[in-house]
Amino acid sequence: MRPVPIVSALLALLVILAACASPAPTTVGAPRVEGESSELTAIERADGARLTVMATTTIVADVVASVAGEMAEVASLLPIGADPHAFTPAPRDMAMLRDADIIMANGAGLEEFLEAYISSAGEGVPVVYLSDGIALREFEPHEDDADDDHEGIDPHTWTSPASVIVFARNAAEALATLDPANAEAYQANAEAYIAELAELDRWVREQIATIPEEDRILVSDHDVFGYYADRYGLEQLGAVIPAFTSAAQPSARDLADLQTAMRERDVKAVFVGTSVNPALAQQVAEDLGIAVVPLYTGSLGEAGSGAETYIGYTRYNTNAIVQALR
C-alpha cells in the first residue's frame, strides 16, 4: 500500500511556520544547572505574611497551590494557553521571579530555555524542580536515522498522575523547609491531594481499558504523552514533530514515514495540543481522512473549559482520548 503524496504541501507549510517562528530568547548570565534543585533553609517572615511562590507553568502552579492551601501565594510565570517550549518572559515576569520566596519548576529539561532568566532572578531565590525522583524517559531516534537530532530527556512528566504524586511530595517538603511552623499543614494538604491523584490514576486506567487493545494508539503533534502512554498501556506510535519540543521541525521523510505507519495501523485520530500550531497535524489528518482531536498539554484550560485544574485537565484529556479511539 503506497502512501498519498504529502511532501510538497507539507514542505510549503514548514517554510511558512519557520518564517513565523519566534526568535530564541537571548541568554542572560550563566544558567543554573537544569534539574538541580537549590538547597533550602527556613526564611524569616513578618507575622501573618504568606510565602510567595512563583511556578513556571499553570500545571505546576495548580499542584503547588493544592499543597500550599492558604499559607502561600502561588502565581504562574506562563499564562494559560502558553506553550512551555516557546515562551519568552517579559520584564514584568522577571520582576515576579526576583520578588518570589521560591521558584518551583517542572524540571527534566522543560524549562531549559528559561534557565538563564531564572538564574538572573538572583542567587537569593531558590529553585525546586518537582520532577526530582521521577524515572525519566529518553527519546530513542530511529535506528536508520544516523543524523537524527530529535533526542534527549522527555520533560512531560506531569501527563501521568503517578508523576504528579511525586510533584506533591516534593512541593510539601520544600514548603515545609521554608516555613517549618506550617510543616504539618503542608503535609496534610499533600496527603489529601495525593489521595485524589491516586483515585484519578485508578479512574484513568479504567477508562483506557474500555478502548479495544488494537486501537490504543496515540499520535500527537509532538512527543508529549509518553509517561501517560507508559502508565496506561497505550502505544505512542509517533508524532507529527518527532521530538520532545513543539519548537522543533519535522523533515518530509519524518512525515511520510509517520503517515505510512498510521495507515498500516488504521490510526483513528491525531491529538493536538491547544497551545501549539495545529497546521501540520491537520494536514496529516486530512490526507488520511481522520479526526484532529484537541487536548490540553503544557497548560491548563481557561475558566469553563473543564481543564482548569490538573485533575480536570487529566479527566478532560482522558475522556477525549477514549471517545476518539473507542
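About the thresholds
Residues numbered from 1 in each chain as written. Predicted model: local features only at pLDDT ≥ 70, side-chain atom pairs only at ≥ 80, totals over all residues. Heavy atoms only, no water. Helix = DSSP H or I, 4+ residues; strand = E, 2+ residues; numbered from the N terminus. Pairing = 2+ DSSP bridges. Axes fitted to C-alpha atoms, helices over the stretch in contact; angles between N-to-C directions. Contact = heavy atoms within 4.5 Å. Buried < 20%, exposed > 50% of the residue type's maximum accessible area, 1.4 Å probe, protein only. Lys, Arg positive; Asp, Glu negative; His and termini not counted. Salt bridge = Lys/Arg side-chain N within 4 Å of Asp/Glu carboxyl O. Polar contact = N/O pair within 3.5 Å; in protein donor to acceptor, adjacent residues only side chain to side chain.

### Let's talk about unusual backbone geometry
One non-glycine residue with positive phi stands out, namely Ala-108, at about 60 degrees. By the element assignment, Ala-108 lies in the loop between strand 3 (102-105) and helix 4 (115-119). Not every positive phi belongs to a glycine, and Asp-266 is a case in point at roughly 55 degrees. Within the element layout of this structure, Asp-266 appears in the loop between helix 8 (252-264) and strand 9 (269-273).

### Describing the sheet that holds strand 4 (residues 127-129)
Across the sheet, which stays open at both edges, the four strands sit in the order 2-1-3-4 with parallel pairing between neighbours. Edge positions in the sheet fall to strand 2 (72-76) and strand 4, since each has one partner strand and no second. Adjacent strand axes in the sheet meet at a mean angle of 25 degrees, parallel and antiparallel pairs treated alike. As defined by bridge partners, strand 3 adjoins strand 4 across three bridges and the pair is classed as parallel. Looking across to strand 4, one finds that Met-104 is bridged to Val-128. The sheet strands contacting helix 5 (residues 161-178) are strand 1 (51-55), strand 3 and strand 4, and the helix crosses strand 3 at an angle near 175 degrees.

### Remarks on the side chain of Asp-221
Looking at where Asp-221 falls in the secondary structure, it is placed in strand 7 (residues 217-222). No salt bridge forms around the buried Asp-221; measuring N to O, its nearest opposite-charge neighbour Arg-137 is 14 Å away. A polar contact of 2.5 Å, which involves the side chain of Asp-221, links it to the side chain of His-222. Beyond its immediate stretch of four places on either side in the chain, Asp-221 contacts Ala-239, Val-240, Ile-241, Phe-271, Val-272, Gly-273 and Val-276.

### Points about the pattern of salt bridges
Going through the model one piece at a time under the given rule, you end up with nine salt bridges. A salt bridge links Asp-230 to Arg-137; its shortest N-O distance comes to 2.8 Å. With Asp-230 in helix 7 (residues 226-232) and Arg-137 in the loop between strand 4 and strand 5 (138-139), the pair connects residues that are 93 residues apart, well separated along the chain. A residue is classified by how much of its surface remains accessible, and Asp-230, at 53% relative accessible area, is exposed. A salt bridge links Arg-265 to Glu-235, with the shortest nitrogen-to-oxygen separation between them at 2.8 Å. In this pair, Arg-265 sits in the loop between helix 8 and strand 9 while Glu-235 sits in strand 8 (residues 235-241), placing the two residues 30 residues apart along the sequence. Overall, the relative accessible area of 32% leaves Glu-235 in the partly exposed class. Each of Arg-137, Asp-154 and Asp-230 takes part in a single network of salt bridges with overlapping partners.

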